[in-house]
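# Observations on chain architecture
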Amino acid sequence: MKPVVLSSLPYDYDALKPVISGSIMRLHHSQHHANYVKGTNLALAKLEAHKQSQVDLNVREIMRDLSFNYNGHLLHSIFWQNMRPPQAKNGPTDKLLAKIENAFGSLAQFRKLFSQTALSVEGSGWAVLGQNAEGELVVGQLEKHNLMTMVSFTPVLVIDVWEHAYYLDYHNNRQAYIKAWWSVVNWQDVSLRIFGV
Ligand code: MN
């Protein structure tokens, strides 16, 4: 596997204000996400060394580091794309709306389920809307980044509820962060991930 790179955000650090401050975005992207990229490449370098020679690896440690950092990198990459500057009127396109209604009853019911999933993450983690191999939408929860199986579904909409994602702005009020976050959801990006358009 090739080393991964930290892509720049598709908007300025200040673009999601007042929902998410520039300070959070800058720290989150340039420090936290950058560390997951670094951690991924460190683990990959160890595997590369193993490929070249008979070096003994602490496999348990490398598999933990790789899944934690690589999934952290993937999830953050999706998370940045899943957002855009706040919109007064914000919602999915008709095609996506129909798919959400079919899977969850209504957009309101989906938002409630997804919000409660994010709210009930114990400690650090994510709520995820994913698409399984059958093309069905599913909502799930990830602890930290790494207790996940990318084989079972592809994340299409994710929210980071680690404290580093909201504490500077919302302190311990995760609920207020989740509520405000809906206004920066980039539904076009979600649609692109599901339908390719
Ligand atoms: Mn994060």
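On a predicted model such as this, the values are computed, not experimentally measured, just so you know.

### A word on the nonpolar core
Ranked by internal contacts, the top residues of the largest apolar core, which has 46 residues, are Met 83, Ile 159, Tyr 177 and Trp 181. No fewer than three residues from each of domain 1 (22-81) and domain 2 (94-195) sit in this core.

### Considering the coordination of the manganese ion
Surrounding the manganese ion are the protein donor atoms His 28 (NE2), His 76 (NE2), Asp 160 (OD) and His 164 (NE2), which sit 1.9 to 2.2 Å from the metal. One chain supplies every donor for the manganese ion, spaced along it as H-x47-H-x83-D-x3-H. Of this pair, His 28 sits in helix α1 (residues 22-52) while His 76 sits in helix α2 (residues 59-81), placing them 48 residues apart in sequence. According to the relative accessible area criterion, His 28 is buried, its value standing at 1%. Accessibility expressed as a relative area gives 0% for His 76, which makes it buried.

### Describing the domain arrangement of the protein chain
By domain assignment, the protein chain separates into domain 1 (22-81) and domain 2 (94-195). Spacing between the C-alpha centres of domain 1 and domain 2 amounts to 22 Å. Contact residues are listed per partner, giving 17 residues for domain 1 and 24 residues for domain 2. Between domain 1 and domain 2, a total of about 1,700 Å² is buried, with carbon and sulfur atoms accounting for 70% of that surface. Summed over the three residues of domain 1 that lose the most area to domain 2, namely Ile 24, Leu 75 and Phe 79, the buried surface amounts to 37% of that side.

### Points about the environment of Lys 2
By the secondary structure assignment, Lys 2 is in the segment before α1. Look at Lys 2 and you get exposed, because its relative accessible area is 71%. Lys 2 sits 86 residues away from Ala 88 along the chain, and the two C-alpha atoms are 41 Å apart.

### Remarks on the side chain of His 73
If you trace the backbone, His 73 turns up in helix α2. The buried category is assigned to His 73, whose relative accessible area is 8%. Discounting chain neighbours no more than four positions away, the residues touching His 73 are Val 4, Val 5, His 33, Tyr 36, Val 37 and Thr 40.

### Let's talk about the pattern of salt bridges
In the structure shown here, the tally under the stated rule is four salt bridges. Across the pair Glu 48 and Lys 51 runs a salt bridge whose closest N-O atoms are separated by 3.4 Å. Pair noted here: Glu 48 and Lys 51 are both in helix α1, with a separation of three residues, about one helical turn. Owing to a relative accessible area of 33%, Glu 48 belongs among the partly exposed residues under this scheme. A relative accessible area of 64% means that Lys 51 is categorised as exposed.

### What to know about the packing of helix α4 (residues 107-119) against helix α6 (residues 174-181)
Where α4 contacts α6, the axes come no closer than 10 Å and their chain directions differ by 145°. By crossing handedness, the relation of α4 to α6 is classed as right-handed. Mapping the contact onto sequence places Phe 114, Ser 115, Ala 118 and Leu 119 in α4 and Arg 174, Gln 175, Ile 178 and Trp 181 in α6. Residue composition of the contact of α4 with α6, grouped by class: five nonpolar, two polar and one charged.

How each quantity is defined
Residues numbered from 1 in each chain as written. Predicted model: local features only at pLDDT ≥ 70, side-chain atom pairs only at ≥ 80, totals over all residues. Heavy atoms only, no water. Core = buried A, V, L, I, M, F, W, Y, C linked by side-chain atoms within 4.5 Å. Buried < 20%, exposed > 50% of the residue type's maximum accessible area, 1.4 Å probe, protein only. Domains from an automatic or database assignment. Donors = N, O, S within 2.8 Å, 3.2 Å for Na, K, Ca; no water. Helix = DSSP H or I, 4+ residues; strand = E, 2+ residues; numbered from the N terminus. Contact = heavy atoms within 4.5 Å. Buried area = accessible area lost by both parts, 1.4 Å probe. Salt bridge = Lys/Arg side-chain N within 4 Å of Asp/Glu carboxyl O. Axes fitted to C-alpha atoms, helices over the stretch in contact; angles between N-to-C directions. Left-handed = near helix turned anticlockwise from the far one by under 90°. Nonpolar A, V, L, I, M, F, W, Y, C, P; charged D, E, K, R; others polar.

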